[in-house]
Amino acid sequence: MEIGEPLRLVLFLVGILSFVGLNAAYLVWVERKGAGRFQRRPGPTEVGYAGLLQPIADAIKLLSKQLIVPAGVDRTLFRAAPLLMMAPAMMSLVVIPWSESLAARNINVGLLMIFAFGSINVMAIMLGGWSSRNKYAIISAARVVSQNVAYEIPMLLVVITMIMITGTMNLNEIVRQQAGSLFHWNVFRVWVNPLMPVTFLIFFICMLAETNRAPFDMAEAESELVAGAYTEYSGMGFGVFFMAEYANILLGCALGTVLFLGGWQSPIGVWPGVFWFLLKMYLLVFTVVWIRWTFPRTQFYGLLNLSWKILIPVSLFTLILSGAMMKLF
Amino acid sequence: MTAFPAADQLAAGIFVICLLTMGIGALIAVLSIRIIHSVCGLAITCVGLAGLYYFLHSPFLALMEILIYVGAVCVTIVFAIMLSEPDEPAKAEPRAAALAWSGVAVVIAAAIFWGLCHLGTRGNWPRPARTGDGSIAEIGKALLTNYSMAFELISLALLVAILGALAVARTGRTRP
């Protein structure tokens, strides 16, 4: 253990950085290919086989573009906002247990850490929008805040329910409790709380909203606000916002896998391992893409109504119900 | 502890970084003209403070600091500013008055700082008992039994803050 621990940390650092970069690049490909197929067209085909080199070409294009900082913007905040969006997502990936022994840091308050750093995202979009000094950007930033605040509440209520049931915030421990077959996964543990699948659904919806994905896409809102909070960004500034969006999707799906779908546990009870984790996570990611290209964007009022009138009451009810079930049985 | 190379130096370095973050954040919060920069300074200070809490072996408190102060309080403040800021630098005060007031403020701040340092180093503080293992069950029990008084007093502080906000907001308004 003399040199092992620092080496391990450096490897994890490099690993997480490259994992995020690679995924951000290739999730864009998945997104474009998926969008193409859902709309009965082939998607990217030109660069490489089936367009597989397209993300690399895109990255080179973005990197070679000039980073324009328009006159009149708040320079420091304008430059800081993309970084502020990217860094928390990467920080949070540190505590995700990819498999039994593959976790950069196994800390006792891992779940709390993800939400603590996740809450910085809103600040980043808002500062980006505000510092752009652009009407569209400010409108979009104001919407993003009200959306994120509205969806953070049911999200945290769901997570509190999960913490009550599992009794720990250590993600490794949460996965370990779901060992066994399919029916030991939290999403199917209906004897603990009969509304468990509903809880998972609420979590998933809130995750979509927190990562600003369509049908809750208020941050970018291409159809009405040009590019929303990112209107003034060019080149890699814009690129970093997009990488951060995909990093957040990855993080959300990884968290959903850990909390509800049994993490690295296998559905048939044998051979647990990292491939199960990746399989479940990418299935969730694909669902996210699928939803984006299937449903039109909701109206802003519909979005807030969904949260305040449906999700919050239901998640409060599941919280009380699981508390009562735990006391009674 | 573990056999991590240069652990002491690393720890000291991290401590200094946390302190610097807090100090720089506080300076930004106080010295910047635009109020939104001040909020960013506040957020930086809170992150540094969270680092200090982590340094003091209370990761729960550190993460709560980030979750509540950066994620909730600063976001709320920025939101309020975004909706209300008149978007022009504040009026410059008369120079002599500003100097006088800042002199008074410096004296008071120095006195408070000195007093607190004196209290902190000379006072006969009992070592806080380490209860439990820091798990959520332990923290929950501690908050609802031994420390319930402090817990309730914090909510009283929120009430006072709301009353203060109302009082400040009311004075600017005239009866129709």
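Attention here is on the structure that accompanies the text.

Cut-offs applied
Residues numbered from 1 in each chain as written. Chains lettered and ligands numbered in written order. Predicted model: local features only at pLDDT ≥ 70, side-chain atom pairs only at ≥ 80, totals over all residues. Heavy atoms only, no water. Helix = DSSP H or I, 4+ residues; strand = E, 2+ residues; numbered from the N terminus. Rg over C-alpha atoms; globule rule 2.2 N^0.38 Å. Buried < 20%, exposed > 50% of the residue type's maximum accessible area, 1.4 Å probe, protein only. Contact = heavy atoms within 4.5 Å. Areas by Shrake-Rupley, 256 points an atom, 1.4 Å probe, with all protein chains shown as cover. Lys, Arg positive; Asp, Glu negative; His and termini not counted. Charge placed at Lys NZ, Arg CZ, Asp CG, Glu CD. Salt bridge = Lys/Arg side-chain N within 4 Å of Asp/Glu carboxyl O. Phe/Tyr/Trp six-rings, centres within 6.5 Å; stacked < 30°, edge-to-face > 60°. Polar contact = N/O pair within 3.5 Å; in protein donor to acceptor, adjacent residues only side chain to side chain. Axes fitted to C-alpha atoms, helices over the stretch in contact; angles between N-to-C directions. Parallel < 35°, antiparallel > 145°, perpendicular 65-115°, else oblique. Left-handed = near helix turned anticlockwise from the far one by under 90°. Nonpolar A, V, L, I, M, F, W, Y, C, P; charged D, E, K, R; others polar. Buried area = accessible area lost by both parts, 1.4 Å probe. Patch = residues over 30% accessible without salt bridge, like charges linked within 9 Å, V, L, I, M, F, W, Y side chains within 5 Å. Core = buried A, V, L, I, M, F, W, Y, C linked by side-chain atoms within 4.5 Å.

Quick look at the overall build of chain A
For step 1, the next point in the chain: Of the regular secondary structure elements, chain A holds eleven helices and zero strands.
For step 2, the next point in the chain: Computed over the C-alpha atoms, the radius of gyration of chain A is 20 Å, within 12% of the 20 Å expected from 2.2 N^0.38 for a compact globule of 329 residues.
For step 3, the next point in the chain: Its C-alpha atoms give chain A principal-axis dimensions of about 65 × 50 × 45 Å.
For step 4, the next point in the chain: Here chain A, with 329 residues, has 56% of them falling under the buried criterion.
For step 5, the next point in the chain: Summarising the internal contacts of chain A: among those between residues at least 6 apart in sequence, 77% fall at separations of at least 24.
For step 6, the next point in the chain: Total accessible area on chain A is roughly 14,400 Å²; 72% of this is exposed by carbon and sulfur atoms.
For step 7, the next point in the chain: Each charge class in chain A can be summarised by its mean position, and for the 22 positive and 16 negative side chains these summaries are 5 Å apart.

Notes on the pattern of salt bridges
All names here are of chain A.
For step 1, the next point in the chain: Under the criterion given, the structure shown has five salt bridges over all chains.
For step 2, the next point in the chain: Arg213 is paired through a salt bridge with Glu31; the nearest N and O atoms lie 2.8 Å apart. Separated by 182 residues along the polypeptide, Arg213 in the loop between α8 (196-210) and α9 (235-259) and Glu31 in helix α1 (residues 4-38) bring together distant segments of the chain.
For step 3, the next point in the chain: For Arg213, a relative accessible area of 0% translates into the label buried.
For step 4, the next point in the chain: The salt bridge partner of Arg213 is Glu245, with a shortest N-O separation of 3.4 Å. Placement of Arg213 in the loop between α8 and α9 and of Glu245 in helix α9 is noted, with a sequence separation of 32 residues between them.

Quick look at the packing of aromatic side chains
Residues and elements named next belong to chain A.
For step 1, the next point in the chain: Applying the stated criterion across every chain, the model contains 15 aromatic pairs over all chains.
For step 2, the next point in the chain: Taken together, a centroid distance of 5.2 Å and an interplanar angle of 65° make the contact between Phe19 and Trp98 edge-to-face. Here Phe19, found in helix α1, pairs with Trp98, found in the loop between α3 (75-93) and α4 (110-118); they are 79 residues apart in sequence, far enough to count as distant.
For step 3, the next point in the chain: Taken together, the aromatic side chains of Phe78, Tyr230, Tyr233, Phe238, Phe241 and Phe242 make up a single cluster linked through ring pairs.

Re the side chain of Asn170 of chain A
All names here are of chain A.
For step 1, the next point in the chain: Tracing the backbone through its elements, the reader meets Asn170 in the loop between α6 (135-166) and α7 (171-176).
For step 2, the next point in the chain: You can call Asn170 buried: its relative accessible area is 10%.
For step 3, the next point in the chain: Of the polar contacts made by the side chain of Asn170, one reaches the backbone nitrogen of Asn172; its length is 3.0 Å.
For step 4, the next point in the chain: Beyond its immediate chain neighbours, meaning those up to four positions away, Asn170 contacts Asn106, Ile107 and Asn108.

Comments concerning the packing of α8 of chain A against helix α11 (residues 300-328) of chain A
All names here are of chain A.
For step 1, the next point in the chain: α11 packs onto α8 with a crossing angle of 140° between their chain directions and a minimal axis gap of 10 Å. For the element pair α8 / α11, the angle class is oblique. In this structure, the crossing between α8 and α11 has a hand that is left-handed. Contacts from Val198, Thr199, Ile202, Ile205 and Cys206 in α8 reach Leu306, Leu311, Val314, Ser315 and Thr318 in α11.
For step 2, the next point in the chain: Counted by class, the contact of α8 with α11 contains seven nonpolar, three polar and no charged residues.

Regarding the interface of chain A and chain B
For step 1, the next point in the chain: Taken together, the contact between chain A and chain B spans 30 residues of the former and 25 residues of the latter.
For step 2, the next point in the chain: Buried area between chain A and chain B, summed over both chains or domains, comes out near 2,400 Å², and the portion from carbon and sulfur atoms is 82%.
For step 3, the next point in the chain: Looking only at chain A, the three residues that lose the most surface to chain B are Leu112, Met123 and Trp130 of chain A, adding up to 24% of its buried area.
For step 4, the next point in the chain: For the pair chain A and chain B, the interface holds zero salt bridges.

Some remarks on a nonpolar patch on the surface
Residues and elements named next belong to chain B.
For step 1, the next point in the chain: Taken together, Ile14, Phe15, Val16, Leu19, Leu20, Ile24, Ile28, Ile44, Phe55 and Leu56 make up a surface patch of nonpolar side chains, about 840 Å² in accessible area.
For step 2, the next point in the chain: Looking at the nonpolar patch, the elements with two or more residues in it are α1 (7-31) and α2 (35-55).
For step 3, the next point in the chain: When residues in the nonpolar patch are grouped by element, the largest group, seven residues, is from α1.
For step 4, the next point in the chain: Its place among the elements puts Phe55 in helix α2.

Some words on the packing of α1 of chain A against helix α2 (residues 54-64) of chain A
Residue and element names in this part refer to chain A.
For step 1, the next point in the chain: Two elements in contact, α1 and α2, have axes whose closest approach is 8 Å; the angle formed by their N-to-C orientations is 120°. In this view, α1 runs oblique relative to α2, as classed from their interaxial angle. α2 is crossed by α1, and the crossing has right-handed handedness. Contacts between α1 and α2 pair Ala25, Tyr26, Trp29 and Arg32 from the former with Gln54, Pro55, Ile56 and Asp58 from the latter.
For step 2, the next point in the chain: For the contact of α1 with α2, the per-class residue count stands at five nonpolar, one polar and two charged.

Quick word on the environment of Val226 of chain A
For step 1, the next point in the chain: With respect to the helices and strands, the residue Val226 of chain A is situated in the loop between α8 and α9.
For step 2, the next point in the chain: With 90 residues separating them in the primary sequence, Val226 of chain A and Tyr136 of chain A have C-alpha atoms 7.1 Å apart.

A word on the nonpolar core
For soluble globular proteins, nonpolar side chains are generally found buried alongside one another.
Residue and element names in this part refer to chain A.
For step 1, the next point in the chain: Core analysis: the largest hydrophobic core is formed by 115 residues, its most contacted members being Ile96, Leu111, Tyr151, Leu171, Leu259 and Phe260.
For step 2, the next point in the chain: For this core, the leading source of residues is α9, giving 14 residues.
For step 3, the next point in the chain: Apart from the residues lying within four places of it in its own chain, the contact partners of Tyr151 are Ile205, Cys206, Ala209, Glu210, Phe216, Leu303, Leu306, Ser307 and Leu311.

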